[in-house]
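Here's the letter readout for the chains.
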Amino acid sequence: MAEYKRVCNFCQKDFIAQKYNTKTCSNRCANLSHKMKVRQDKENMFNDNEVYKRLLNKILLSVERIEKALELQGIKEKVSNEELLTTEKYCELMNIHKRTLRRMIERKEVEITKQGNKIFINKNQLLLNN
Ligand SMILES: [Zn+2]
């Protein structure tokens, strides 16, 4: 029977193997070595998943940004002929409630133009939320 000098993959001890491809000194080391490999594989898989998740989030964020830019482009085109917007139109385009707009005006977060009793909003204020 052939004998091969080996170092155990698990306990690092020298041993004599009967087969060329034996990698551990005992059944015990073989089992433990296998368990360790399984755990390592699981951890690697988990790490891969984390990387993919992060990547996916980045992609989703980019898509959101692009969508927002396109939406804004659409809004700008829609109002390209008008300098001043009614509050109704502004709310509709910005997708906000009238009450929200009133608060924004009170806090001077949005510039307004008064014509008589009516309040108008300059279309450049559409970019505020960007
Ligand atoms: Zn061993």
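Residues numbered from 1 in each chain as written. Predicted model: local features only at pLDDT ≥ 70, side-chain atom pairs only at ≥ 80, totals over all residues.

(A) Inspection of the overall build of the chain at higher detail. In terms of helices and strands, the chain carries three helices and five strands. Taking 14 Å as the expected radius of gyration for a compact globule of 130 residues, we find that the chain reaches 34 Å, considerably beyond that expectation. For the chain, the spread of C-alpha atoms along the principal axes amounts to about 105 × 25 × 15 Å. Taking all 130 residues of the chain together, 5% fall into the buried category. Long-range contacts, defined as pairs at least 24 residues apart, comprise 30% of the intrachain contacts of the chain with a sequence gap of at least 6. (Helix = DSSP H or I, 4+ residues; strand = E, 2+ residues; numbered from the N terminus. Rg over C-alpha atoms; globule rule 2.2 N^0.38 Å. Buried ≥ 20, exposed ≤ 12 C-beta atoms within 10 Å, placed from the backbone. Contact = placed C-beta atoms within 7 Å.)

(B) Local environment of the sheet that holds strand β4 (residues 112-115). A sheet is described by the order of its strands in space; here three strands give the open sequence β3-β5-β4, paired in antiparallel fashion. Each of the sheet's edge strands pairs with one partner strand only, and the pair in question is β3 (84-86) and β4. Averaged over neighbouring strand pairs, the angle between their axes works out to 45° when direction is ignored. Relative to strand β5 (residues 118-122), β3 runs antiparallel, the two sharing three bridges. By the bridge assignment for β5, Leu84 is matched with Asn122. Across the sheet, helix α2 (residues 87-94) touches β3 and β5, and the angle it forms with β3 is around 90°. (Pairing = 2+ DSSP bridges. Axes fitted to C-alpha atoms, helices over the stretch in contact; angles between N-to-C directions.)

(C) Structural context of unusual backbone geometry. Positioned with a positive phi, Gln12 is a non-glycine residue whose angle comes to about 65°. Its location among the elements puts Gln12 in the loop between β1 (4-7) and β2 (14-17). The class for Gln12 is exposed, based on 9 C-beta atoms found within 10 Å. Phi at Lys108 is positive, roughly 55°, even though this residue is not glycine. Tracing the backbone shows Lys108 in the loop between α3 (98-106) and β4.

(D) Spotlight on the pairing of β2. The pairing of β1 with β2 spans four bridges and is classified as antiparallel. Residue pairing for β2: Arg6 is matched across the bridge by Phe15. Taking the residues that link successive antiparallel strands as the turn, the β1-β2 hairpin has six residues, and the phi of Gln12 there is positive, at about 65°.

(E) Quick look at the environment of Cys91. Locating Cys91 in the fold gives a position in helix α2. Look at Cys91 and you get partly exposed, because 18 C-beta atoms sit within 10 Å. When the C-alpha positions of Cys91 and Gln18 are compared, they lie 82 Å apart, and in sequence the two are 73 residues distant. With near-sequence residues (within four places) excluded, Cys91 lies in contact with Ile96, His97, Lys98 and Leu101.

(F) Quick look at the pairing of β5. Pairing geometry for β4 and β5, over four bridges, is antiparallel. Counterpart to Thr113 in the pairing with β5 is Phe120.

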